[in-house]
Amino acid sequence: VRPAELERPDESQGQTGTEELLESLDPLPFDHGGGTIDIEAFTGVGIHGGELLEYNDLQDEYHEYQDEYNEIWGNNNTDCFRQGQNPRKRQLRRNDNIMYSVSVEPLKAMGVPGPLCELVANMLDIADGRLMGEDAYRDISDVRDDLQLMLDKLSIYLYDQDMGSLSTAGLLFGDTLFGREAELSTIIDAYRRSALGESESVTISGASGTGKSLLAVEAGKYVISSGGIILSGKFDQLQQGKPFSALASAFNQYCGILLQNCELAPSKQKLAHQINHVLGREAHHLAKLIPNLASMLGLESNSIIHDEGCTNAQKRLQYLLCRFVEVISSTFAAPVTLFLDDLQWADSASIAAVSQLLCSSGSSLNQKQFFFLGCHREGIIDSAHPVWELVCNAERCDISFSSLKLDCMGEETLNAMVSETLCILPRLTRTLSNIIYRKTKGNPLFVSQLMPSLSKKGLLFPSLNRRRWEWDIDKITSQKLPDDVALFLTNSIVDLPSDVKTSIFHFSCFGASLEIAFVKTLEIALDMRGLCDNLDLAVDEGLLEKTDNQLRFSHDRIQEAAYNTLPADERCLFHHVCGMALASYSTSESDDNILLAAVNQINLGGPSSIQDTSQSFTIAAVNLKAGQKAMVMSDFGAAYSYFNHGVSFLQEGHWQEHYDLSLRLFELAAKCALAIGDLANSKLHSEQVMKEARSFEDALNVMYISTCALAYSSGLPDSIQKSIEILRMLDIDLQESRSTE
């Protein structure tokens, strides 16, 4: 049992004797050239001119403290550690072959923290100029560096670790950023300039697992601490069909925080008042996209304006988002930062809205109370990607667009990461970090997954005697690991219990994150008993993270690894079965989110997954419904995708057997294709309707779409002529109308 004096001091109780002693050494009164550290007050060891005192002198001083220790704790304790039962003992051999036992127990009895006792022992690990242990100091500058680290980072390097907690919880990684100081400074400087009125934005690129998101989160902490407002969202490869997924999530999450926090009620009321004052009834269009905004404004779903009009609807939404940002910024007198992660999966409509936010010439935004920060993987953004257009538009609007590229960590940075994670001085972790570097090539994600794996295998373990982490360097060196982090993650998931592995796969089919309420819906709708419990086990394994209302993969590469545990054809079949079950469940719940999730799953499965052809028309119908929902939210790109998928599920003879469904799908597909500027597909769908329409009235809508397409493609005379012809078919003669007037 450790004496009470050896427990970690309570920082709330003020300065401890140990801290006072350490502060007396700061600034450290020596350099490489010599000097003296007076630590005799608690060790009896003097260091002069950069060399240790004669060992006999050290022994004499040590025995004085040993006698004092005997008076306090009794001779039995001394006998015990002389007999080798103490946890920290050094055996040193002199030239005359006499063995000496050196213990730091007297220091611990005086309340000196364990790491500092270790430091003293390492200083004593030398006799007659020979190093007697692998942890022994080789240079006085190393002593200085270690003492300085203890002063600078007390909680990491000075205080004893809670070994009981480490033994039960295992090795845990934090969210500390290592080796990105220059990049973080660049982002913060750009944010400061934007807050002062300049036009600024930053994108972060790099290979998967290099810490792009963590760097952005760290920058977000500065934004919040400096009084700014941050809105954050994440694009998802498997949720691309969901209208404005990341952008809507960013604004919806911010409004949700205002709604849920009682202390922010005055801020919520103030913002709602300003939105009603500035946007009026136009706020209804934003409320369709941002459900929590509807709750904030007190709008009922049946009172929100719904329409399918495509004319300038997307531009209207972009304008309203700009005004919304202006209102947020002006209401709270703070700059607004929008952070969007995984831009490589971004949809065109969302990026067009971001471009408008950046290039807006509105009065408030003209003073640049808006800053954009984005992350994407390297090698994916090309000239055909929407983000490329964003960069080009920013340049045309005279906006400074900074691009940061992150590489893997160097050996020194990785050693700092290992050192702080294990709470062991960098000097002592270098051999371990060198091996980890060779196996991971410095990829932060790989490191953060490998070290807990070594801990679970017992190769990296807490030592109760030394009260610190230790490792089996030979066995770690002999470990055979894949070169790629994705393969390592896949192997880690494969080794899990089958029910947990299955649950993680099911979760991965819906993307990188899900609301916990939706996970519970999946458990019921898909009859997946134990889904929530199994995912909780995945949280314990560090594969998932759980917040108050959301479950998400710890990293998107883990999600990809889980998703790829099954072959592509089996994944498609699961998507189809899952989507059909959710579609059936959504009819009873009348939940649009469940409907959209169901249709996305069905479309990921594709027509080849259908085993009963009678399901084809049901699937086409739910795609029609999902597309109409997307049109309501002014996301005509997503709407066109739904209608186009619906067409792909139609079977041969559909015009005869399901005429109304076919007519509506082709008509709306032509309309949305026109809205997103895809004139070629708009023409194809229009021609199909003109060919199969059973009446003039059935073809009238696509006739109008065709005339608009002609006008948009610089064929205004042809558009006018065609319009006149259509009016004549409606018995409206423009020349006769003029003569009557």
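About the criteria used
Residues numbered from 1 in each chain as written. Predicted model: local features only at pLDDT ≥ 70, side-chain atom pairs only at ≥ 80, totals over all residues. Heavy atoms only, no water. Helix = DSSP H or I, 4+ residues; strand = E, 2+ residues; numbered from the N terminus. Buried < 20%, exposed > 50% of the residue type's maximum accessible area, 1.4 Å probe, protein only. Contact = heavy atoms within 4.5 Å. Pairing = 2+ DSSP bridges. Axes fitted to C-alpha atoms, helices over the stretch in contact; angles between N-to-C directions. Parallel < 35°, antiparallel > 145°, perpendicular 65-115°, else oblique. Nonpolar A, V, L, I, M, F, W, Y, C, P; charged D, E, K, R; others polar. Phe/Tyr/Trp six-rings, centres within 6.5 Å; stacked < 30°, edge-to-face > 60°. Lys NZ or Arg CZ within 6 Å of the ring centre and 35° of its normal. Left-handed = near helix turned anticlockwise from the far one by under 90°. Salt bridge = Lys/Arg side-chain N within 4 Å of Asp/Glu carboxyl O. Polar contact = N/O pair within 3.5 Å; in protein donor to acceptor, adjacent residues only side chain to side chain. Core = buried A, V, L, I, M, F, W, Y, C linked by side-chain atoms within 4.5 Å. Expected span 1.5 Å × (residues − 1).

A. Spotlight on the overall build of the protein. Helix and strand counts for the protein come out as 36 helices and 18 strands. Burial analysis of the protein (741 residues in total) assigns 50% to the buried set. In the protein, of all internal contacts separated by at least 6 residues, the share reaching a separation of at least 24 is 69%.

B. Expanded view of the sheet that holds strand β18 (residues 550-553). Taken together, the 3 strands give an open sheet; going across it, the order is β16-β18-β17, and neighbouring strands pair in antiparallel fashion. The sheet is open, and its two borders are formed by β16 (513-515) and β17 (544-546), each paired with just one other strand. Ignoring which end each strand starts from, the neighbouring axes of this sheet average 15° apart. Contacts from helix α24 (residues 516-525) reach β16, β17 and β18 within the one sheet, and its direction differs from that of β16 by about 85°. Running over the sheet, helix α25 (residues 531-540) touches β17 and β18 and is turned about 105° from β17.

C. Broad picture of the packing of helix α5 (residues 114-124) against helix α6 (residues 140-152). Running from amino to carboxyl end, α5 crosses α6 at an angle of 175°, the nearest separation of the two axes being 11 Å. It follows from the interaxial angle that α5 and α6 lie roughly antiparallel. Contact with α5, carried on its side by Pro115, Leu116, Leu119 and Met123, involves Val143, Asp146, Leu147 and Met150 of α6 and no other residues of that element. For the contact of α5 with α6, the residue count by class is 7 nonpolar, no polar and 1 charged.

D. The arrangement of the packing of aromatic side chains in detail. This structure, assessed with the given rule, holds 9 aromatic pairs. Ring centres of tyrosine 191 and tyrosine 222 lie 6.2 Å apart, and the angle between their planes is 90°; this geometry places the pair in the edge-to-face category. Remark: tyrosine 222 occurs in helix α10 (residues 212-225) and tyrosine 191 occurs in helix α9 (residues 181-195); sequence separation between them is 31 residues. Tyrosine 191 sits in the buried class, given a relative accessible area of 5%. Taking 5.1 Å as the distance between ring centres and 45° as the angle between the ring planes, the aromatic pair formed by phenylalanine 446 and phenylalanine 488 counts as tilted. Of the two residues, phenylalanine 446 is situated in helix α20 (residues 444-456) and phenylalanine 488 in helix α22 (residues 485-494); the sequence distance between them amounts to 42 residues. Taken together through their ring pairs, the aromatic side chains of Tyr191, Tyr222 and Phe371 make up a single cluster. The ring centre of tyrosine 137 lies 3.9 Å from the NZ or CZ of arginine 427, which sits over that ring.

E. Quick peek at the packing of helix α16 (residues 348-359) against helix α17 (residues 386-396). Relative orientation of the contacting elements α16 and α17 amounts to 15°, with a least axis distance of 9 Å. Relative to α17, the element α16 lies roughly parallel. Once α16 is placed against α17, the crossing between them reads as right-handed. Mapping the contact onto sequence places Ser348, Ile351, Val354, Ser355, Leu358 and Cys359 in α16 and Pro386, Val387, Leu390, Asn393 and Ala394 in α17. Looking at the contact of α16 with α17 residue by residue, the classes come out as 8 nonpolar, 3 polar and no charged.

F. Spatial organisation of the environment of alanine 250. By the element assignment, alanine 250 lies in helix α11 (residues 245-260). A sequence separation of 19 residues divides alanine 250 from leucine 231, and the C-alpha atoms of the two residues are 5.1 Å apart. Beyond its immediate sequence surroundings of up to four residues, alanine 250 is in contact with Leu231, Ser232, Gly233 and Leu338.

G. Structural context of the sheet that holds strand β12 (residues 370-377). Ordered in space as β10-β11-β12-β9-β13, the 5 strands form an open sheet in which the pairing is parallel. Each of the sheet's edge strands pairs with one partner strand only, and the pair in question is β10 (229-234) and β13 (400-406). Strand-to-strand twist in this sheet, taken as the mean axis angle between neighbours without regard to direction, amounts to 15°. Here β10 runs beside strand β11 (residues 336-341); their pairing, made up of 6 bridges, is parallel. If you follow isoleucine 229 over to β11, its bridge partner there is valine 336. Contacting β9 (200-206), β10, β11, β12 and β13, α10 crosses the sheet at an angle of about 165° to β12. Docked against the sheet, α16 engages β9, β11, β12 and β13, running at close to 145° with respect to β12.

H. Main features of the pattern of salt bridges. Across all of its chains, the model carries 23 salt bridges by this definition. Measuring nitrogen to oxygen at the nearest pair gives 3.5 Å for the salt bridge that ties glutamate 218 to lysine 221. Highlighted residues: glutamate 218 and lysine 221, both in helix α10, separated by 3 residues, approximately one helical turn. The network of salt bridges with shared partners includes Arg377, Asp556, Arg557 and Glu560.

I. Region of interest: the side chain of asparagine 252. Positionally, asparagine 252 belongs in helix α11. A polar side-chain atom of asparagine 252 sits 2.8 Å from the main-chain amide nitrogen of asparagine 292. In this view, asparagine 252 contacts Ile290, Pro291, Asn292 and Leu293; residues no more than four positions away in its chain are not counted.

J. Here's a closer look at α5. Counting buried positions along α5 gives 10 out of 11 residues, so the element sits mostly inside the fold. Where α5 is concerned, the buried positions are Gly114, Leu116, Cys117, Glu118, Leu119, Val120, Ala121, Asn122, Met123 and Leu124.

K. Summary view of unusual backbone geometry. The phi dihedral of aspartate 398 falls on the positive side, at around 65°, and the residue is not glycine. Mapped onto the secondary structure, aspartate 398 falls in the loop between α17 and β13. When its relative accessible area of 66% is taken as the criterion, aspartate 398 is described as exposed. The backbone of aspartate 527 sits at a positive phi, close to 55°, despite the residue not being glycine. Looking at where aspartate 527 falls in the secondary structure, it is placed in the loop between α24 and α25. Since its relative accessible area comes to 54%, aspartate 527 is described here as exposed.

L. Spatial organisation of the nonpolar core. In terms of nonpolar packing, the biggest core is built from 100 residues, with Leu422, Leu460, Leu582 and Phe643 touching the most fellow members. It is helix α32 (residues 659-675) that provides the largest number of residues to this core, a total of 9 residues. When sequence neighbours within four positions are dropped, the list of residues in contact with leucine 460 reads Leu171, Leu422, Leu432, Met451, Leu454, Ser455, Trp469, Glu470 and Trp471. Leu258, Leu279, Leu289 and Cys322 belong to the second largest nonpolar core, which has 52 residues in total.

M. Structural view of the environment of serine 608. Within the element layout of this structure, serine 608 appears in the loop between α28 (592-605) and α29 (615-632). Among the residues examined, serine 608 registers a relative accessible area of 69% and is labelled exposed. On a C-alpha basis, the gap between serine 608 and phenylalanine 649 in space is 9.3 Å, while along the polypeptide they are 41 residues apart.

N. How the structure looks around α32. The end-to-end C-alpha distance of α32 is 24 Å, a good match for the 24 Å that 17 residues give at a rise of 1.5 Å each. In terms of residue burial, α32 counts as a mostly covered element, since 13 of its 17 residues are buried. Two residues or fewer after α32 comes glycine 677, characterised by a positive phi angle close to 85°.

O. Representation of the pairing of strand β15 (residues 468-471) within the structure. Taken together, the 4 bridges between strand β14 (residues 460-463) and β15 define a ladder with antiparallel strand orientation. Each bridged residue has a counterpart across the sheet, and for phenylalanine 461 the counterpart in β15 is glutamate 470. A loop of 4 residues connects β14 with β15, the two strands running antiparallel in sequence, and arginine 467 in this loop sits at a positive phi of about 55°.

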